[in-house]
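Fold and contact review
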Amino acid sequence: MIPLQTMEVVGLLLPNQTLASTVFWQWLNQSHNACVNYANRNATKPSPTSKFIQGYLGAVISAVSIAVGLNVLVQKANKFTPATRLLVQRFVPFPAVASANICNVVLMRYGELEEGIDVLDGDGNLVGSSKIAARHALLETALTRVVLPMPILVLPPIVMSMLEKTALLQARPRLLLPVQSLVCLAAFGLALPLAISLFPQMSEIETSQLEPEIARATSSRTVVYNKGL
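Residues numbered from 1 in each chain as written. Predicted model: local features only at pLDDT ≥ 70, side-chain atom pairs only at ≥ 80, totals over all residues. Heavy atoms only, no water.

Applied cut-off: UniProt positions are given in the numbering used here, feature names are shortened, and annotations may be inferred rather than shown by experiment.
An unreviewed UniProt entry annotates the protein as Sideroflexin-5 isoform X2 originating from Trichechus manatus latirostris. UniProt lists a comment for the protein under the heading Subcellular location (unreviewed entry), and it reads "Mitochondrion membrane". Quoted straight from UniProt, the Sequence similarities (unreviewed entry) entry for the protein says "Belongs to the sideroflexin family."

Structure representation (structure tokens):
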């Protein structure tokens, strides 16, 4: 997954992108994210294929719309110098990807909010199905999907803006893409374990925060649920 994700990040951060390249890289990134969301969903409740398609289309449309819209706004900003405009454009992928990731998670897993997800006691016994736990699961997953692209899409533009001024890269511009790929790979290696560690796949919640019928169904003070990734 890391090599593919790194390739997507490098593509998203390429300078001087055309409309076609912006659309392509956002589409590729959200197509990959949609597959990851589907594969790592909470599968205790069946989800129709239509939900997957709905989430996929919503994520792609939101990512492309935000990325293209922000690029157009930056291009029309007359107060920016060409160098400043190029630097600002490099940060456009982050809000586009983060917003689309949230849209992707919510649309693809909206059924969990309607039906709830299974919660288990400390011995692994099923206590019941909770809509409140489902809401916590989606919120935690959405936050993870915002935190994950932050260092990946924010650090490389900052690092590359400094490296591009070095004599080595100015004398050998062909090294820019390989160097950017290495920077993106390092950022991804840092961000992935950080984002996943924020919220483990199995989360714990106090029964007092859940529905009354869930609290009455167990003597445990806390229950666990699979939030997905």
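1. Some words on the overall build of the protein
Here is the rule we go by: A run of DSSP states H or I qualifies as a helix once it reaches four residues; a run of E qualifies as a strand once it reaches two. Both are numbered from the N-terminal end. Burial here depends on accessible area, computed with a 1.4 Å probe over protein chains only, as a share of the maximum for the residue type. Under 20% is buried, over 50% is exposed, and the range in between is partly exposed. Should any heavy atoms of two residues lie within 4.5 Å, those residues are counted as being in contact. For the area figures, the Shrake-Rupley method with a 1.4 Å probe applies, and any residue is considered shielded solely by the protein chains shown.
Across its full length, the protein holds eleven helices and four strands. Out of the 229 residues in the protein, the part that is buried amounts to 41%. A separation of at least 24 residues holds for 70% of the contacts in the protein among residues at least 6 apart in sequence. Surface accessibility of the protein: about 11900 Å² in total, with carbon and sulfur atoms responsible for 68%.

2. A closer look at the UniProt feature "transmembrane region" (unreviewed entry) in the protein
The positions that UniProt labels "transmembrane region" (unreviewed entry) are, in the present scheme, residues 53-74, 86-107, 146-163 and 175-199. Between the end C-alpha atoms of residues 53-74 the distance is 32 Å, and the span holds 100% helix and 0% strand.

3. As for the pairing of strand 4 (residues 222-226)
Condition: Here the rule is simple: two strands pair whenever DSSP picks up at least two bridges between them.
Because side chains alternate across strand 4, one face comprises the buried residues Val 223 and Tyr 225, and the other comprises Thr 222, Val 224 and Asn 226, none of which is buried. Sheet topology places strand 3 (residues 202-206) next to strand 4; five bridges connect them, and they run antiparallel. Across the sheet, the residue bridging to Ile 205 is Val 223, located in strand 4.

4. Looking at the packing of helix 5 (residues 93-108) against helix 8 (residues 149-163)
For any two helices packed against each other, the geometry is given by the interaxial angle and the distance between the axes. Here is the rule: Angles shown run from 0 to 180 degrees and are taken between the N-to-C directions of axes, each axis being a line fitted to C-alpha atoms and, for helices, limited to the stretch in contact. Oblique is the label for any angle not covered by the other classes, which are roughly parallel (under 35 degrees), roughly antiparallel (over 145) and roughly perpendicular (65 to 115). The residue classification treats Ala, Val, Leu, Ile, Met, Phe, Trp, Tyr, Cys and Pro as nonpolar and Asp, Glu, Lys and Arg as charged. All others, Gly included, are polar.
Orientation of helix 5 relative to helix 8, taken along the N-to-C sense of each, is 170°, at an axis distance of 9 Å. Taken together, helix 5 and helix 8 sit at an angle that is classed as roughly antiparallel. Contacts between helix 5 and helix 8 involve Pro 93, Phe 94, Val 97 and Asn 101 from the former and Pro 149, Met 150, Leu 153 and Val 154 from the latter. Grouping the constituent residues of the contact of helix 5 with helix 8 by class yields seven nonpolar, one polar and no charged.

5. Some details on the side chain of Ser 130
Convention followed: Any pair of N or O atoms that falls within 3.5 Å is considered a polar contact. Within protein, one atom must be able to donate a hydrogen and the other to accept it, and sequence-neighbouring residues count only if both atoms are side-chain atoms.
As for its position among the elements, Ser 130 is in strand 2 (residues 126-130). Of note is the side chain of Ser 130, whose polar atom sits 3.0 Å from the backbone nitrogen of Ala 133.

6. Description of a nonpolar patch on the surface
For the record, the criterion: Residues with no salt bridge and a relative accessible area higher than 30% make up the patches, which join like charges within 9 Å and nonpolar side chains (Val, Leu, Ile, Met, Phe, Trp, Tyr) within 5 Å. We count a salt bridge whenever a side-chain nitrogen from Lys or Arg sits within 4 Å of a carboxyl oxygen from Asp or Glu.
Residues Leu 155, Ile 158, Met 162 and Leu 190 make up a contiguous nonpolar surface patch of roughly 370 Å² in combined accessible area. Among the elements that make up the nonpolar patch, the one with the highest residue count is helix 8 (three residues). Checked against the element boundaries, Leu 155 lands in helix 8.

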